[in-house]
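Overview (structure and organization)
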Amino acid sequence: MSTAIPRAQFHQKNLRQPAQHAAVENQLHYERHRPEETTLYRLVQAHIETFFAQVETETGSGLPGFVKDEFEAFLECGILAHGFLRLRCANCTHEKLVAFSCKRRGFCPSCGGRRMAQTAAHLVDHVIPNVPVRQWVLSLPIPLRYLLAAHPRLITPVLQVIHRAISAFLIKQAGLKRVEAQTGAITLIQRFGSAANLNIHLHCLVLDGVYRIQNGEPEFHGVRPPTAEQLQTLLGRIIQRIMKALTRHGALIEEEGMTYFADMEADTALAPLQSAACTYRIALGPRAGQKVLTLKTVPVQEIRSQPGSKCCVNAHGFSLHAGVRCAMNQREELEHLCRYITRPAIANERLTLNDAGQVVLTLKTPYRDGTTHIVMSPLEFMQRLAALVPRPRLNLIRFHGVLAPNARLRAEIIPDGKKSKPSDANDDAPHSAATKRISWARLLKRVFDIDIEHCPHCGGNMKIIAAILERTAITKILDHLGLPARAPPRSPRRVFDPFEPI
């Protein structure tokens with residue numbers, strides 16, 4: 001049986017198939033992912049040059065280098081013509097090719113899928129203790145979403161306010177004082193919504209209780225779930241403290257009882273793209289400033305409220321949700337939750353082109369007004385992609401409290417913590433410790449039940465025999481196999497008129 005995984009990272013091609021080796025029975029066969037055949041790849045390939053020209057023409061400045069690099073790397077991701085690994089079975093000499101990946105964090109579905117699975121597995125296996133965990137989700141007003149996107153340094157003080165407020169609430173729920181107990185959390189900063197809009201919001205996986213030292217050992221005390229009234233009070237406290245923190249950092253100004261944004265420097269080309277992506281509008285082109293086209297195909301009365309909606313409160317454009325909880329013995333459900341909140345921004349299966357050549361993006365869940373699809377021109381969609389690219393060296397996963405890198409209790413409470421080396425416990429990067437990194441082959445087995453470490457013909461071990469990087473060798477091997485030895489060509493830059501319909 002042959003199964004293709006759309007967000008896969010390993011890419012497979014049979015070099016030789018000896019007739020004497022029959023396929024291993026009841027084993028899923030892993031096919032090479034072909035990014036050049038996806039709608040997303042073709043869109044970027046066809047419009048990248050024209051998009052860069054559009055931005056430069058209408059803003060007077062080119063896109064930042066890190067955004068351009070994201071697009072360039074995406075067009076090389078998974079393409080055999082840019083290099084690959086050769087794997088060979090030790091028993092039957094069956095071979096396959098594994099293309100290199102871009103490993104970017106912006107919009108690549110393949111690398112995003114790998115990072116999703118790897119991060120979720122690492123957090124569950126090596127970071128989150130075997131205690132109940134509750135997800136706290138804080139959504140922000142649109143102006144603050146843009147502010148944090150344009151000035152990501154402000155995320156740190158905002159997260160400090162949120163963690164202090166939630167941890168103080170949990171300690172009070174446990175009937176203890178702050179000097180007696182502490183809790184821990186992992187915040188995953190999600191930068192997108194299902195409509196490929198720029199929507200910075202915070203998913204906090206908070207230990208649903210507190211640790212207290214008893215007889216020299218940390219002892220966990222669970223707490224009662226929050227009531228709607230408690231959530232409303234907590235949200236009000238968080239809002240007040242966030243506004244004060246942003247004022248202290250110069251992002252907000254208070255004068256005569258009014259609060260408004262300070263004049264802060266922003267990137268000339270990227271700022272309008274981010275602002276439009278936050279407000280569901282179009283930044284550039286003949287329809288600049290207009291809302292994107294939406295399709296409403298579901299009657300409003302058929303849309304049901306989401307589970308846990310009773311644990312959601314709203315105030316002044318903020319929203320706090322705390323209705324999802326994983327019990328101590330629900331580690332598999334916890335891993336699914338981690339995958340959900342670390343998922344890629346774009347899914348290939350939800351992206352199509354209509355007969356007019358417009359991009360149709362299917363929403364993961366219908367909006368309350370019945371909207372199920374977003375329709376944009378290719379260049380308008382490219383604007384959304386550019387706005388989703390995070391800045392370099394921006395850590396999108398933060399650790400707090402007892403799970404912080406240098407917390408004294410961390411090594412005593414995390415899974416296998418006492419067996420880890422001290423240097424491992426002090427590293428806050430989720431994939432930095434080589435001894436804790438889970439291989440992609442094991443992830444495929446864990447997530448998709450696909451075994452790529454063993455030959456699909458005889459079951460023997462597949463081993464890397466070479467990394468092919470030189471152009472001459474790449475061309476020779478791919479020509480011999482009848483595969484394209486050159487990367488798909490880009491469409492040339494069109495002469496761009498900002499007032500011409502696209």
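Report follows, based on the coordinates. None of these values were measured; they are calculated from a predicted model. (Residues numbered from 1 in each chain as written. Predicted model: local features only at pLDDT ≥ 70, side-chain atom pairs only at ≥ 80, totals over all residues. Heavy atoms only, no water.)

This part is about the overall build of the protein chain. Scanning the protein chain for helices and strands turns up 13 helices and 20 strands. By residue count, 51% of the 502 residues in the protein chain fall in the buried class. Intrachain contacts of the protein chain at a sequence separation of at least 6 include 72% that bridge at least 24 residues. Only carbon and sulfur atoms are counted for the fraction: they give 50% of the accessible area of the protein chain, which is about 23900 Å². (Helix = DSSP H or I, 4+ residues; strand = E, 2+ residues; numbered from the N terminus. Buried < 20%, exposed > 50% of the residue type's maximum accessible area, 1.4 Å probe, protein only. Contact = heavy atoms within 4.5 Å. Areas by Shrake-Rupley, 256 points an atom, 1.4 Å probe, with all protein chains shown as cover.)

Here we take up the environment of Thr-187. Tracing the sequence through the fold places Thr-187 in strand β7 (residues 184-192). Owing to a relative accessible area of 2%, Thr-187 belongs among the buried residues under this scheme. When neighbours within four sequence positions are excluded, Thr-187 is seen to be in contact with Leu-159, Leu-202, His-203, Cys-204, Leu-396, Ile-397, Arg-398 and His-400. A polar contact is formed between the side chain of Thr-187 and the side chain of His-400, at a distance of 2.9 Å. (Polar contact = N/O pair within 3.5 Å; in protein donor to acceptor, adjacent residues only side chain to side chain.)

Our next topic: a positive patch on the surface. Judged by side-chain charge, Arg-164, Lys-172, Arg-178, Arg-237, Arg-241, Lys-244 and Arg-248 come together as a positively charged surface patch. At 4 residues, helix α6 (residues 228-248) tops the list of elements feeding residues into the positive patch. In this structure, Arg-237 sits in helix α6. (Patch = residues over 30% accessible without salt bridge, like charges linked within 9 Å, V, L, I, M, F, W, Y side chains within 5 Å. Salt bridge = Lys/Arg side-chain N within 4 Å of Asp/Glu carboxyl O. Lys, Arg positive; Asp, Glu negative; His and termini not counted. Charge placed at Lys NZ, Arg CZ, Asp CG, Glu CD.)

Tallying each qualifying case throughout the model produces 5 cavities of 30 Å³ or more. As a volume, the largest cavity reaches approximately 80 Å³. Along the walls of the largest cavity sit 11 residues, with His-33, Pro-35, Phe-74, Pro-109 and Asn-348 positioned nearest its centre. Grouping the constituent residues of the lining of the largest cavity by class yields 7 nonpolar, 4 polar and no charged. (1 Å grid on protein atoms, 1.4 Å probe; cavity = no way out; pocket = protein on both sides within 12 Å on 5 of 7 lines; lining within 4 Å. Points joined across faces, edges and corners; volume = space filled by probe spheres on them. Nonpolar A, V, L, I, M, F, W, Y, C, P; charged D, E, K, R; others polar.)

Time to look at the nonpolar core. Grouped together as the largest cluster of nonpolar side chains are 99 residues, with contacts concentrated most on Phe-51, Phe-71, Trp-136 and Leu-138. If near-sequence neighbours (up to four positions away) are discounted, Leu-138 is found in contact with Ile-162, His-201, Leu-202, Leu-235, Ile-238, Ile-242, Phe-318, Ser-319 and Leu-320. With 24 residues, the next largest nonpolar core counts Val-124, Val-127, Leu-188 and Leu-403 among its residues. (Core = buried A, V, L, I, M, F, W, Y, C linked by side-chain atoms within 4.5 Å.)

With antiparallel pairing, the 4 strands of this open sheet are ordered in space as β13-β18-β17-β16. The open sheet terminates on both sides in strands that have one partner only, identified here as β13 (293-296) and β16 (351-353). Sheet twist, expressed as the mean angle between neighbouring strand axes with direction ignored, is 30°. Of the pairings in the sheet, the one linking β16 to strand β17 (residues 359-362) comprises 3 bridges and is antiparallel in character. Within β17, the residue paired with Leu-353 across the bridge is Val-359. Here helix α1 (residues 39-59) sits on the sheet and contacts β16 and β17; the angle it forms with β16, its principal contact strand, is near 60°. Along the sheet, helix α9 (residues 378-388) makes contact with β16, β17 and β18 (371-376), crossing β18 at roughly 105°. (Pairing = 2+ DSSP bridges. Axes fitted to C-alpha atoms, helices over the stretch in contact; angles between N-to-C directions.)

The next thing to look at is the sheet that holds strand β8 (residues 198-207). Overall, antiparallel pairing links the 6 strands, which are arranged β14-β15-β5-β8-β7-β19 in an open sheet. This sheet does not close on itself; its edge strands, each paired only once, are β14 (312-315) and β19 (397-401). Averaged over all pairs of adjacent strands, the angle between their axes in this sheet comes to 20°, without regard to strand direction. Of the strand pairs in this sheet, β14 and strand β15 (residues 318-326) are connected by 4 bridges, and their pairing is antiparallel. Residue pairing across strands places Cys-312 opposite His-321, the latter belonging to β15. This element, helix α5 (residues 155-173), spans β5 (133-139), β7, β8 and β19 of the sheet and lies at about 35° to β8. In this fold α6 packs onto β5, β14 and β15, with an angle of close to 40° to the strand it touches most, β14.

Considering the arrangement of structural elements, one finds Thr-59 in helix α1. The class for Thr-59 is buried, based on a relative accessible area of 18%. For Thr-59, the side chain forms a polar contact with the main-chain oxygen of Val-55, separated by 2.5 Å. Of the polar contacts made by the side chain of Thr-59, one reaches the backbone oxygen of Ser-61; its length is 2.8 Å. For Thr-59, the contacting residues outside a window of four places in its chain are Thr-268, Ala-269, Pro-272 and Leu-284.

The next subject is the pairing of β8. Walk down a regular strand and you will see the side chains alternate between the two sheet faces. The element β8 is extensively covered by neighbouring structure, given that 10 of its 10 residues are classed as buried. Neither face of β8 is left uncovered, since the one carrying Leu-198, Ile-200, Leu-202, Cys-204 and Val-206 and the one carrying Asn-199, His-201, His-203, Leu-205 and Leu-207 both have all their residues buried. Of the strand pairs in this sheet, β5 and β8 are connected by 6 bridges, and their pairing is antiparallel. Residue Val-137 lies in a different strand from β8, and its bridge partner there is His-203.

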